Amino acid sequence: MEMRMRKQRSVSALVFLALISASMATSESEFPFMVVHKKASLSSIKSGVQRVFVTVDIYNQGSSSAYDVNLVDDTWNSNLFEIVSGNTSKSWAKLDVGQVLSHSFELKSKTKGLFYGSPAVVTFRVPSKGVLQAYSTPILPLDVLAETIPEKKLDLVMRLSRLVGRFGPQVSVLSIIVTYMYLMVTPSKGSKKKR
């Protein structure tokens, strides 16, 4: 009798735990799941001036809508960059499941150097949980106003590399033959007789 009661208690406890975990799994799966991708690219418009084009894409991969979606990308220091077009923040009323929101802006560089940008921050509201937060992917370091090889020099280097690729084996064989002949013709220092 006592053994049967223990089995019933353990079975009821397992059923209870299974129901709790199932309800937690369904409640967690009813949230938006934000994937935020940030990318930046450099473009030279004239000597000494570069522009940075920034795009942030927000994907809702969850199973419910997100409300009051706010994007803030305040990593662009005003001493280093000047906003040319757009804004570094943006708000949307709603992001449905499977939809994508995209925001772009353009900056002008003020100083030369390597710039490491931080992720953008996205906040959104879920009716049952309040305000949640997501971070974007970081950008690769930007080498702003970097020294570049002039196009004519780069073209010459490319032509030489093609020639080496095409005639490299023949040049290697010729240099081995010339080195061998040089070694055969010139006397070695050890062959001189001592007097």
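Keep in mind that this is a model prediction, so the values were computed, not measured.

1. Things to note about the sheet that holds strand β3 (residues 66–72)
Next up, step 1: Read from one edge of the open sheet, 4 strands run β5-β3-β8-β9, paired in antiparallel fashion. The open sheet has two free edges, formed respectively by β5 (89–95) and β9 (130–135), since each of these has just one partner strand. Averaged over neighbouring strand pairs, the angle between their axes works out to 20° when direction is ignored.
Next up, step 2: As judged from the 6 bridges shared by strand β8 (residues 121–126) and β9, these two strands associate in the antiparallel manner. Considered in β9, the bridge of Val 126 is made with Gly 130.

2. Concerning the pairing of β8
Next up, step 1: Of the two faces of β8, the one holding Val 122, Phe 124 and Val 126 is buried and the one holding Val 121, Thr 123 and Arg 125 is not buried anywhere.
Next up, step 2: As judged from the 4 bridges shared by β3 and β8, these two strands associate in the antiparallel manner. Looking at β8, one finds that Leu 71 is bridged to Val 122.
Next up, step 3: Connecting β8 to the next strand, β9, in antiparallel fashion are 3 residues.

3. As for the sheet that holds strand β4 (residues 81–85)
Pairing between the strands of a sheet is mediated by backbone hydrogen bonds and can be parallel or antiparallel.
Next up, step 1: Strand order in the open sheet formed by 4 strands is β1-β2-β6-β4, and the pairing between neighbours is antiparallel. What marks the edges here is a single partner per strand, and that holds for β1 (34–46) and β4. Between one strand axis and the next, the sheet turns through 30° on average, direction left out of account.
Next up, step 2: Of the pairings in the sheet, the one linking strand β2 (residues 49–60) to strand β6 (residues 100–109) comprises 9 bridges and is antiparallel in character. Counterpart to Val 52 in the pairing with β6 is Leu 107.

4. Examining the packing of aromatic side chains
Ring pairs (aromatic) are described by centroid distance and by the angle formed between their planes.
Next up, step 1: Overall, the coordinates contain 3 aromatic pairs when judged by the stated rule.
Next up, step 2: Their ring planes at 85° and their centres at 5.2 Å tell us that Trp 76 and Phe 81 sit as a pair that is edge-to-face. The residues Trp 76 and Phe 81 share a single accessibility class, namely buried.
Next up, step 3: Ring plane angle 75° and centroid distance 4.9 Å describe the contact between Phe 81 and Phe 115, whose orientation is recorded as edge-to-face. Of this pair, Phe 81 sits in strand β4 while Phe 115 is found in strand β7 (residues 113–115), placing the two residues 34 residues apart along the sequence.
Next up, step 4: Since its relative accessible area comes to 5%, Phe 81 is described here as buried.
Next up, step 5: Note on Phe 115: relative accessible area 9%, which makes it buried.
Next up, step 6: An aromatic cluster is present here, built from Trp 76, Phe 81 and Phe 115 joined pairwise through their rings.

5. Looking at the pairing of β6
The two faces of the sheet receive side chains in turn, since in a regular strand these alternate between them.
Next up, step 1: Looking at chain direction, β4 and β6 are connected through 4 bridges and run antiparallel. Within β6, the residue paired with Phe 81 across the bridge is Ser 109.

Basis of the calculations
Residues numbered from 1 in each chain as written. Predicted model: local features only at pLDDT ≥ 70, side-chain atom pairs only at ≥ 80, totals over all residues. Heavy atoms only, no water. Pairing = 2+ DSSP bridges. Helix = DSSP H or I, 4+ residues; strand = E, 2+ residues; numbered from the N terminus. Axes fitted to C-alpha atoms, helices over the stretch in contact; angles between N-to-C directions. Buried < 20%, exposed > 50% of the residue type's maximum accessible area, 1.4 Å probe, protein only. Phe/Tyr/Trp six-rings, centres within 6.5 Å; stacked < 30°, edge-to-face > 60°.

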